[in-house]
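Working through the structure, step by step
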Amino acid sequence: MEHNLQILLIEDSDDDAILITHVIKRGGLIADIIRVQNEHELKDNLAIQEWDIIITDNELPGFNAERAISIIKEFSIELPIIIVSGNISEEQIVRFMRAGVQDYISKSNFTRLVPSIEREIQDYRTRLERNEAQNALKDAQLSVQALIETTTDAAAILKPDGEIITANAVLANRFDMDLSEFVGKNIFELMYEPEIIEQKKEKYWSFVQKNQLVTELDYRNGRWIENSIFPIVNEENHLIRVVVFSKDIKEKKLVQDEKKKKKAFLQKL
């Protein structure tokens, strides 16, 4: 662990609090351990700072682990919670696990306490990173969605295999389809004959694996199309989405062809 762990300990016994603190520090963890003994102290400490993990006894005078879990949820905190208790029934353990407790440690055997703390904190941080990545992806998709809905070009967001996640009506109209039936289809199956789908997929993959904007020209049904392909990757550099903007450049292409003809004619002269 790269920084001092912030551990909130809910424990009424002085001896047990000292023992738990000793076990944690003897296990090599560098931690600031704050002890609370009642509901009021728990609320105060949840409000004033962030914690890495909560360790709680099952029963305290006028207070128990179930109430502690309820308070933690009231603060909308998804912290890992470990129950450390001398006496607890299997029924209670099951109930705690269903309520969101990650582990149970018996006070008669602390050998699992430090490994459990390390594991649960790592799992918690992984969940946070995953949630942050998912939220970032959602934000990016919302931004792209807004652009897709306002652009005059045909546009879509695709899964890596070509499945259409979302698109605009301009693109759906190219295939004479309503947007509602267009979304969910595979773009390759809509665009190409079965015998050339794999060939087109290979070309597509050669583009997106460059992990940069790629622009290509495509000629379909008497129409020149300029496709701009934007790959979206996650923190591990794995492709997760592809954004495509497709512009009809028939008039532009005609002008370019005319210029080429004139240039060729002048070169001959």
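For the structure itself, consult the block above.
Residues numbered from 1 in each chain as written. Predicted model: local features only at pLDDT ≥ 70, side-chain atom pairs only at ≥ 80, totals over all residues. Heavy atoms only, no water.

Things to note about the packing of helix H3 (residues 65–74) against helix H4 (residues 90–99)
As a packed pair, H3 and H4 sit with axes 11 Å apart at the nearest point and diverge in direction by 5 degrees. Classed by the angle they form, the pair H3 and H4 counts as roughly parallel. In this structure, H3 uses Ala65, Glu66, Ile69 and Lys73 to contact H4, whose residues at the interface are Arg95, Phe96 and Ala99. (Axes fitted to C-alpha atoms, helices over the stretch in contact; angles between N-to-C directions. Helix = DSSP H or I, 4+ residues; strand = E, 2+ residues; numbered from the N terminus. Parallel < 35°, antiparallel > 145°, perpendicular 65-115°, else oblique. Contact = heavy atoms within 4.5 Å.)

Describing the sheet that holds strand S1 (residues 5–10)
Read across the open sheet, the 5 strands follow the order S2-S1-S3-S6-S7; overall the sheet is parallel. The sheet terminates laterally at strand S2 (31–36) and strand S7 (103–106), the two strands that pair on one side only. Averaged over all neighbouring strand pairs, the angle between strand axes comes to 20 degrees, with direction disregarded. Its contacts with the sheet put H3 on S1, strand S3 (53–56) and strand S6 (81–85), and the angle it makes with S6 is roughly 165 degrees. (Pairing = 2+ DSSP bridges.)

Focus: the nonpolar core
Soluble globular proteins tend to pack their nonpolar side chains together in the buried interior. Formed by 22 residues in total, the largest nonpolar core has its most connected members in Ile10, Leu42, Leu46 and Ile54. Breaking this core down by element, the ones donating at least two residues are S1, helix H2 (39–48), H3 and S6. For this core, the element with the highest residue contribution is H3, accounting for 5 residues. Not counting residues up to four positions away in its chain, the partners in contact with Ile54 are Leu8, Ile10, Leu46, Ile72, Leu79, Pro80, Ile81 and Ile82. (Core = buried A, V, L, I, M, F, W, Y, C linked by side-chain atoms within 4.5 Å. Buried < 20%, exposed > 50% of the residue type's maximum accessible area, 1.4 Å probe, protein only.)

Examining empty space enclosed by the protein
Counted by the stated rule, this structure contains 1 cavity of 30 Å³ or more. Estimated volume of the largest cavity: approximately 30 Å³. Around the largest cavity sit Ile83, Ile88, Ile93, Phe96, Met97, Val101, Asp103 and Tyr104, which together line it. Of all the elements in the fold, those that place two or more residues in the lining of the largest cavity are H4 and S7. (1 Å grid on protein atoms, 1.4 Å probe; cavity = no way out; pocket = protein on both sides within 12 Å on 5 of 7 lines; lining within 4 Å. Points joined across faces, edges and corners; volume = space filled by probe spheres on them.)

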